Structures are given as C-alpha cells and as structure tokens.
Amino acid sequence: MTKKFFRIMTTKFFRTMTTGFVLISIATFACSQVDKSVVDDIYAQIELFSYALTMIQSEYVENKTPQELIYGSLKGMLASLDPHSQFMDPDEYEELKSETSGKFGGLGIEISIRDGLLTIVTPIEGTPAWEAGIKAGDRIVKIEDEITKDITLNDAVKKLRGDPGTEVNITILREEEFKILDIKMTRQIIQVQDVKYPQILEDKIGFIRLTEFREDSTRDFKKALETLRAQGADSLILDLRNNPGGLLSTAIEISELFLPNGMAIVSTKGRRESQNMETFSKGEDIGKFLDWPMVVLINEGSASGSEIVAGALKDNKRAVILGTKSFGKGSVQSVLPLPDGSGLRLTTSKYFTPSGVSIHGTGIEPDIVVEQIYPEETENKEDNNQKVKEIFNKLETDTNGAGTITDSENKEAHDRLMKDNQVQSAMSVIKGIRVYKKLTEMGDAEIDGKTARLVEE
C-alpha cells in the first residue's frame, strides 16, 4: 500500500512540479562526467527526495509553491557543504553581480562562518568596525536582537549592510576575554586606502602596511617601494596584519616583487584537472628588491591573499614571518549560473603554499611567534581615540595613492609603530639578518680571525 501510494504521489508530484528541476538534474548529470555508480546512487536518493517533497506539499500546514520548496532544498544543500558555498535566488544572484559598484553602506568587516558561528575575519582599518574596537576572531551572536545561529553568510551581509548613515546594533562574543559586548555602529561607504604608512622607521628599515589586495594595489605598492628606496631604505617590514585578502592576481604580483624568476608562489587544487593551477614568479620588476632583508607581519586577521603572500615568501625562504597564526581562508569559489536566473557560489578548489601545505582551515604559522601587546588604557583614552579617528579619516579620504601623507600624520603613524611590540621585534630580526649577511660575506677565514681576536680580548 505504501509503495503504491508512493508511486501515485510521486507521479502526481512530478506532473504538478515545474519540469525545470528535472531538466536541471539531467543536464547536471550529463555534464558532470561523474562515475556511473555515483549517478545511479544519486537517482536512488532522488526517489527519497521526491517522496519527502510530496509529503511536504500535501501535509504541511501551509501551502508552499514548488519553487519555494526547491529553492529551500538548494539553500540547505549548499549550506551543508561549507560556509562559503551557497545557493542564490535570482535577486541575490543579481546583487552579487553588482556588488562591485561600491554604492552601499557597510561597517568595514570581513566575515566568515567558523565552527558554525558568524566570525569576524578582520576589521578594516579606519572603518566603523575598526573605530568601534571590533577584533579579528570576535563572534557576532546577534544582529539587531536576532540570534545569528545557523545564519548564512549571504543573510548576514544583507543584515549588516544598509544605507550610509543608518545605524546597526550587533552583539559580539569575545571568547578570549569571556565577554559579551553590545556595539552600535553607523554604516558608511567604505573607501579603503590599500597602501599605508610607507616610511623609514630607523636605520634604513622601511615599513609598508598593505590593507587589502585590490586592482590598483600593486601600482601603489610599487610606488611606495620606490619612494623608500629613493630615501635610502635597504630592508622592509611588510605589515599584512588584519588584511582580509582580495584579488588573487594582485597577491601574486606583490609576491613576485621579492622572488627570483621561476619560484613557486601558489597552487590551486580541485577535483578537475582544469581547476589545478600552479603559479611561478615572473615580471619586469624582478631583481630590484631581492637583496632586501624582509619581515612579514601577520595575525589572526590575515586571510586569503595575505596568506598567499606570506606562504610564498616563507616557503621560498625569502622573508621571516612574524606575529601570530593567520586566519586560514584558502578556498576558491566559482559562481555558476542556473537556467532560471539563480546561481551557485561553489567551492571548487583550495589554495596550497609552494611546499604543498593547504592554507584553508590551517593558516600560516609564523617563523617567530610574537603576540601583540596592546597599550594599557589611560584616563584620556576617549581623547586619544578621537585623535586617532581624525587621523584615519584623513588618511581614508586621500585617494591619491601612496606617499601623500602629511609630515604631521606620518609622524603620528611613526610614533605608534615605534611603540608596537611586533614591529619592534621585526626590526630586531632585520638587524640580525644584516649581521649574519655581513659575517657570511666576510668568509670563514676572516670570521675565524675576528673570533680569535675577540677571545683574546
């Protein structure tokens, strides 16, 4: 009786449902080139799936359209894969395609799903999130009093975005301090200056902060490097802390500036041969900065493109990586359109460092672990924060690229960096590298002679 009921209801279901689902399924099977046994198993599971859909349509307390049921099924299926894969209905897909217009208000945070919780990858410097004191690793547990448990990334972005000037309230869990914090922020149009604070700290040690990898970042970064070299710099601290990533091509171009020709930078590996790629260094600027001692700063807010650069320079023994372990966002998403105007954002491959280590879920381990020590709070903290805020606002509204900071603003940044314990550690490492290089260049005989004289003294 049950089997007969099943056949009748299944037939009725497929007659009443749009044929799009069946056609999409058949097209997917035809194009996917999966093993025949896998296809057979999929067909067997679809029988169970169609039975469940039929029961929902006939027994659920409210009437649901076939499209609502199929869209809901697809959302759940994609969400079960990983935090970065998702199904997008036609409106969401159109929104994704127009995301690059920049005409929206935001908070200046990069978010991800980690351990099932909505997690801050990094706050972007100079944005509302940065000024509110949000940190990498903070968990967003509420948005406007709505609990974020089981929320998708797409839904979270929708809730956090809004018209510039409007307010949004979030509740964060800061696990390391066992604190729950309620934070109110005002949305702004986020305009980020990629290359910040290019300057010589002391003793010809150059410093550049790179906040993300955008289309023009390589151009501005080269300009900053050339400016430092013209000022006499002969070494570099590259600050990638709280850099959430960006364009893969830009991360590769930045890495190439410091690597000899033909060195591996990054590889991607997926299930298909076409998704496997290995990138090697090449470019017109190779050689200019190869002899510079170099330290790269990373932390738990360094993700994606930052991890690619840090991994490439670490594995090729080109730079010392200092700080704390990076975030571990090393997967590649492909956007695939569907016939009805909807689309899939699907994880199709993962990034690997030159030594073959997967970045995703692992992160980059620094060569030297140095936890950042934050300045102690003072009575005039509010005044200090306002002063820093004004400086950042001036920096963010400057759209002329690197090298345009005023002397006063540069001095403010210099003073802060000289009090930064991770920067201080990086400077010590560079000085140590210089000493080692000099000893190596002297040769064993001269080193032995100097050692003997030191012993006699």
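This is a predicted model, so every value here is computed, not measured. Positions within a chain are numbered from 1, following the residues in the order the chain's sequence is written. Since the coordinates come from a predicted model, pLDDT governs what is reported: local features require at least 70, and pairs of side-chain atoms require 80 or more to be given and counted, while whole-chain, interface and lining totals use all residues. Heavy atoms from the whole structure form the basis of all side-chain values; hydrogens and water molecules are not counted.

## Focus: a nonpolar patch on the surface
Next up, step 1: Judged by side-chain polarity, Ile56, Tyr60 and Val61 come together as a nonpolar surface patch covering roughly 310 Å² of accessible area.
Next up, step 2: By the criteria applied, helices consist of DSSP H or I runs no shorter than four residues and strands consist of E runs no shorter than two, each listed in order from the N terminus. Mapped onto the secondary structure, Tyr60 falls in the loop between helix H3 (36-59) and helix H4 (66-79). A patch is a set of surface residues, each over 30% in relative accessible area and not in a salt bridge, joined within 9 Å for like charges and within 5 Å for the nonpolar side chains Val, Leu, Ile, Met, Phe, Trp and Tyr. Here the accessible surface of atoms and residues is derived via Shrake-Rupley with a 1.4 Å probe, and residues count as covered only by protein chains that are part of the display. Throughout this description, the term salt bridge denotes a Lys or Arg side-chain nitrogen within 4 Å of a carboxyl oxygen of Asp or Glu.

## Here we look at the sheet that holds strand S16 (residues 320-323)
Next up, step 1: If you walk across this open sheet you meet the six strands as S10-S11-S12-S15-S16-S19, and the pairing is mixed. The outermost strands of the open sheet, each flanked by one partner alone, are strand S10 (195-202) and strand S19 (368-369).
Next up, step 2: When DSSP finds two or more bridges between two strands, those strands count as paired. Relative to strand S11 (residues 205-210), S10 is paired through five bridges, and the arrangement is antiparallel. Within S11, the residue paired with Gln199 across the bridge is Phe207.
Next up, step 3: Note on definitions: a residue-residue contact is assigned when non-hydrogen atoms from the two residues lie within 4.5 Å. A fitted line through C-alpha atoms serves as each axis, taken over the contacting stretch for helices, and the angle formed by two N-to-C directions is quoted from 0 to 180°. The strands that helix H10 (residues 305-315) touches are strand S12 (235-239), strand S15 (294-298) and S16; relative to S15, the one it contacts most, it runs at about 140°.

## Quick notes on the nonpolar core
Soluble globular proteins: nonpolar side chains tend toward being buried together.
Next up, step 1: Think of a nonpolar core as a cluster: buried Ala, Val, Leu, Ile, Met, Phe, Trp, Tyr and Cys residues, connected wherever their side-chain atoms sit within 4.5 Å. Only protein chains enter the accessibility calculation, which uses a 1.4 Å probe; a residue whose area is less than 20% of its type maximum is buried, one above 50% is exposed, and one in between is partly exposed. Counting 36 residues, the largest nonpolar core has Phe221, Leu225, Leu236, Leu238, Phe258 and Val296 as the members making the most contacts within it.
Next up, step 2: Among the secondary structure elements, those contributing two or more residues to this core are S11, helix H8 (217-230), S12, helix H9 (248-256), strand S13 (264-270), S15 and H10.
Next up, step 3: Top element by residues in this core is H10. It accounts for five residues.
Next up, step 4: Those residues within four positions of Val296 in sequence are excluded, and the remaining contacts are Leu238, Leu240, Leu313, Ala319, Val320, Ile321 and Leu322.
Next up, step 5: Of all hydrophobic cores here, the second largest spans 19 residues; its members include Ile134, Ile140, Ile183 and Met185.

## Some words on unusual backbone geometry
Next up, step 1: Here the phi dihedral of Asn242 falls at roughly 60°; this positive angle occurs in a residue that is not glycine.
Next up, step 2: By the secondary structure assignment, Asn242 is in the loop between S12 and H9.
Next up, step 3: Its identity as a non-glycine residue notwithstanding, Ser304 has a phi of 55°, on the positive side.
Next up, step 4: Its place among the elements puts Ser304 in the loop between S15 and H10.

## A word on the packing of aromatic side chains
Next up, step 1: Pairs were defined over the aromatic rings of Phe, Tyr and Trp, the Trp ring being its six-membered one, requiring ring centres within 6.5 Å. Orientation was assigned from the angle between planes: stacked under 30 degrees, edge-to-face over 60, tilted for the rest. Considering all chains together, one arrives at four aromatic pairs under this definition.
Next up, step 2: Connected via pairs of aromatic rings, a cluster forms that spans Phe221, Phe258, Phe289 and Trp292.
Next up, step 3: Note on geometry: a ring has a charge over it if NZ (lysine) or CZ (arginine) is within 6 Å of the ring centre and within 35 degrees of the ring normal. The side chain of Arg114 reaches across the aromatic face of Phe327, ending 3.9 Å from its centre.

## Quick word on H8
Next up, step 1: With 14 residues, H8 should reach 20 Å at 1.5 Å per residue; the first-to-last C-alpha distance of 20 Å fits that figure.
Next up, step 2: Among the residues of H8, Ser217, Thr218, Asp220, Phe221, Ala224, Leu225 and Leu228 are the ones counted as buried. Seen along its axis, H8 keeps its buried residues to an arc of 165°; they face one direction. Pointing more than 90 degrees away from the buried face of H8 are the exposed residues Arg219 and Ala230.
Next up, step 3: Those residues of H8 that are buried lie in contact with S10, S11, S12 and H9. Here a helix's expected span is defined as the number of its residues, less one, multiplied by 1.5 Å. The arc in question is the one spanned by the directions pointing from the helix axis to the C-beta atoms.

## Side note on the pairing of strand S4 (residues 117-123)
Next up, step 1: S4 sits mainly inside the fold: six of its seven residues count as buried.
Next up, step 2: Judged from the six bridges that link them, strand S3 (residues 109-114) and S4 form a sheet pairing that is antiparallel. Bridging from a neighbouring strand, Ile109 pairs with Pro123 of S4.
Next up, step 3: Here S3 folds back onto S4 in antiparallel fashion, the turn holding two residues, of which Asp115 has a positive phi close to 55°.

Fair warning: the whole summary comes from geometry, so function is off the table for now.
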